[in-house]
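Summary of structural features
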Amino acid sequence: MNKKKILSILLTIPMIISMVACGSSGQGAGSEGGNAGADSQAPAATNSEVSGKVVIYTSMYEDIVDEMQKALKKQFPNVDVEFFQSGSGTIQSKIAAEMESGKMGCDILMVAEPSYSLELKEQGMLHPYIYPEADKLAFEYDKEGYWYPVRTLNMVLAYNPELNNKEDLPQTLKDFAEREDMKGQLSMSNPLTSGTAYSTVVALLDKYGEDYFKALGAQNVAIESGSVALTKLETGECKEIMILEESVLKKREEEGSALEIIYPEDGSVLIPSTIMIIDEAHSANNNIAACEAIEDYYLSVEGQKQIVKGWMNGVRSDFTEVPYDGRPISELLANNIPVDWEKAYKQRDEIRTMFQEYVTVE
């Protein structure tokens, strides 16, 4: 064999070794990738990569939605994000009507409480997305990725210190219903239309039984919107109201209101409001990549900062910022009346009917 052939063979050997190694590596990665694909998902697209339109239905306050829309525009400059804002009852009615056609008018839902998420998951309406930092969430979430908590709403008591002394008022949710001297001077939201009010009565039903509803009825508690209740608190028509913490904090910061919160000694009711992506077959714009990126953002530390600006608490265990005049989520969790979300879903009609039997809802 001449020298040229020997040199040629020597030069070829490294190339063959390299090709074999790459082929072996590629086969192994492909096999692992196939297994991983069944159990996990690729990360959401980056903010600059996503585009198109996304419609979000939400029960958050309208002015909070306006600020969130501005924040989303900065985060996702190529995505046209449109919000529809209304109460939980209105949104659920809207969705029920849309589901008749099999196509919904939204791509993301941000609603009041998890029991509705359980229902939509069971109906096959949701898209699963595995959030990579789910272990940092302080609340229950769907392990298959169909829904996550995105903001914490907190049901508390409130009063007007300019008209009443705190020590003269009920300090617990139990006394709110049972103190006879408070009859005709109390107000709360409607659990037939408000997701947070419904969650609260489910929690109190479990804690105190059906007698709690009877006691509320005997108190002649007014069932009305939070804005009406706050006005009555300011004018003195009500001495104490059961209301979301955010409603009072918002009023204190924006209007300099003197209204104050009583954090119930027997526990607040924390409601982890959820975020969900609509399944591609039923969503308005079939824009799953953008939806996953937006969900990622809202659950991130940066997105949680936007939540706190809206007077709501965050949902991450590693997030310490609190809303204006609010309390840390860790402190609230230490004295929380839990909600059985499965019961809230499965027994919704039964519980609402029971409430109406004892409490006048106009």
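Look a little higher up for the structure.
What comes next concerns the included structure. Residue positions are given per chain, counting from 1 as you read along its sequence in written order. Given that the model is predicted, a residue must reach a pLDDT of at least 70 before its local features are reported, and side-chain atom pairs must reach 80 or more before they are shown or counted; all residues, however, enter totals for whole chains, interfaces and linings. In computing side-chain values, all of the structure's heavy atoms are included and hydrogens and water are not.

Remarks on the overall build of the chain
Note the threshold: Numbered from the N terminus, helices here are DSSP runs of H or I no shorter than four residues, and strands are runs of E no shorter than two. Note on classification: 1.4 Å probe, protein chains only; a residue is buried when its accessible area is under 20% of the maximum for its type, exposed when over 50%, partly exposed between these limits. Whether two residues are in contact is decided by their heavy atoms: any pair within 4.5 Å suffices. Every accessible area reported is derived by Shrake-Rupley at a probe size of 1.4 Å, with residue values counting cover from the shown protein chains alone.
The number of helices and strands found in the chain is 14 helices and ten strands. By residue count, 50% of the 362 residues in the chain fall in the buried class. For the chain, contacts bridging at least 24 residues in sequence account for 78% of all contacts bridging at least 6. Total accessible area computed for the chain in this model is approximately 16600 Å², and 49% of it derives from carbon and sulfur atoms.

Let's talk about the environment of Gln304
Stated precisely, the cut-off is as follows: The term polar contact refers here to a pair of N or O atoms within 3.5 Å; inside protein, the definition further demands a hydrogen-donor-capable atom paired with an acceptor-capable atom, and it admits residues adjacent in sequence only when both atoms are side-chain atoms.
Considering the arrangement of structural elements, one finds Gln304 in helix α11 (residues 301-309). When the C-alpha positions of Gln304 and Phe319 are compared, they lie 7.9 Å apart, and in sequence the two are 15 residues distant. Sequence-distant contacts of Gln304, defined by excluding residues within four places in its chain, comprise Val150, Tyr298, Leu299, Gly314, Val315, Arg316 and Phe319. A distance of 3.0 Å separates a polar side-chain atom of Gln304 from the backbone oxygen of Val150. In terms of polar contacts, Gln304 uses its side chain to reach the backbone amide nitrogen of Val315, at 2.7 Å.

Regarding the pairing of strand β1 (residues 52-58)
To keep things clear, this is the line we draw: DSSP bridges decide pairing: two strands pair if at least two such bridges lie between them. Handedness of a crossover is defined as follows: orient the strands so they point away from the viewer, and if the path from the first strand over the helix to the second runs clockwise, the crossover is right-handed.
Of all the seven residues making up β1, five are buried; the element is thus mostly covered by neighbouring parts of the structure. By the bridge criterion, seven bridges tie β1 to strand β2 (residues 79-85) in an arrangement that is parallel. Residue pairing in the sheet places Val54 in a bridge with Val81 of β2. Chirality of the crossover, the property in question, places the unit of β1, helix α2 (residues 62-75) and β2 among those that are right-handed. Summarising the sheet, β1 and strand β3 (residues 108-111) pair through three bridges and their orientation is parallel. Within β3, the residue paired with Ile56 across the bridge is Ile108.

Let's talk about the pattern of salt bridges
Convention followed: Definition used for salt bridges: Asp or Glu carboxyl oxygen within 4 Å of a side-chain nitrogen of Lys or Arg.
Enumeration according to the criterion identifies 21 salt bridges in this entry. With a shortest N-O distance of 2.6 Å, Arg348 and Glu119 are connected by a salt bridge. Residue Arg348 is found in helix α14 (residues 348-358), and its partner Glu119 is found in helix α4 (residues 114-122); the two are separated by 229 residues along the sequence. A residue is classified by how much of its surface remains accessible, and Glu119, at 16% relative accessible area, is buried. When the shortest N-O distance is used, the salt bridge between Lys251 and Glu234 registers 3.7 Å. Of this pair, Lys251 sits in helix α9 (residues 245-255) while Glu234 sits in helix α8 (residues 226-235), placing them 17 residues apart in sequence. The structure contains a network of salt bridges with shared partners spanning Asp63, Lys250 and Glu254.

Topic: the packing of aromatic side chains
Basically, it comes down to this: Working definition: a ring pair exists when centres of Phe, Tyr or Trp rings (six-membered ring for Trp) sit within 6.5 Å. Plane angles under 30 degrees give stacked, over 60 give edge-to-face, the rest tilted.
Scanning the model with the defined rule gives seven aromatic pairs in all. Considering the side-chain rings of Phe76 and Tyr297, the 6.1 Å spacing of their centres and the 85 degrees angle between planes classify their relative orientation as edge-to-face. On the criterion of sequence distance, the pair formed by Phe76 in the loop between α2 and β2 and Tyr297 in helix α10 (residues 288-299) is long-range, its members being 221 residues apart. Of the residues examined, Phe76 reaches a relative accessible area of 0% and is grouped as buried. A ring pair is formed by Tyr131 and Tyr148, whose centres lie 6.1 Å apart and whose planes are at 70 degrees; its orientation type is edge-to-face. Placement of Tyr131 in the loop between β4 (126-127) and β5 (148-159) and of Tyr148 in strand β5 is noted, with a sequence separation of 17 residues between them. The exposure class assigned to Tyr131 is buried, which follows from its relative accessible area of 4%. With a relative accessible area of 1%, Tyr148 lands in the buried category.

What about α2?
Within an α-helix, residues lying three or four positions from one another point in the same direction, as the helix has 3.6 residues per turn. Heads up, the rule is: One less than the residue count of a helix, multiplied by 1.5 Å, gives the span that helix is expected to have. Each C-beta atom gives one direction from the helix axis, and the arc is the one those directions make.
Taking 1.5 Å of rise per residue, 14 residues should cover 20 Å, and α2 covers 20 Å from first to last C-alpha, within 8% of that figure. Those residues of α2 not exposed but buried are Ile64, Val65, Met68, Ala71 and Leu72. All buried residues of α2 project into a common sector of 120 degrees when viewed along the axis, lining one side. α2 presents Glu62, Lys70 and Lys74 as exposed residues on the side facing more than 90 degrees away from its buried surface. Looking at the buried positions of α2, the neighbouring elements they touch are β1, β2, α10 and α11.

Considering the nonpolar core
Under the convention used in this document: Buried residues of nine kinds, namely Ala, Val, Leu, Ile, Met, Phe, Trp, Tyr and Cys, make up a nonpolar core once their side-chain atoms join them within 4.5 Å.
Leu72, Leu109, Tyr212, Leu216, Met242 and Tyr298 are the most contacted members of the largest nonpolar core, which totals 107 residues. Not counting the four nearest positions on each side in its chain, Tyr298 is found in contact with Met68, Leu72, Phe83, Met110, Val150, Ile275, Gly303, Gln304 and Ile307.

Examining α4
The buried count for α4 comes to seven of nine residues, which makes it a mostly enclosed element. Looking only at α4, the buried set comprises Pro114, Ser115, Tyr116, Ser117, Leu118, Glu119 and Leu120. Gly124 lies just past α4 and shows a positive phi near 75 degrees.

Points about the packing of helix α6 (residues 195-208) against helix α7 (residues 211-218)
Two quantities define a packed helix pair, namely the angle between the helix axes and the distance between the axes. Applied cut-off: Note on definitions: angles span 0 to 180 degrees between N-to-C directions of axes, and those axes are lines fitted to C-alpha atoms, for helices only across the stretch in contact. Note on angle classes: values under 35 degrees are labelled roughly parallel, values over 145 roughly antiparallel, values of 65 to 115 roughly perpendicular, and the remainder oblique. Three categories are distinguished: nonpolar for Ala, Val, Leu, Ile, Met, Phe, Trp, Tyr, Cys and Pro, charged for Asp, Glu, Lys and Arg, and polar for the others, with Gly belonging to the last.
The interhelical angle for the contact between α6 and α7, taken along N-to-C directions, is 115 degrees, at an axis separation of 8 Å. Comparing the axis directions of α6 and α7 gives the class roughly perpendicular. Along the contact surface, α6 presents Val201, Leu204, Leu205 and Tyr208, while α7 presents Asp211, Tyr212 and Phe213. Considered class by class, the residues forming the contact of α6 with α7 number six nonpolar, no polar and one charged.

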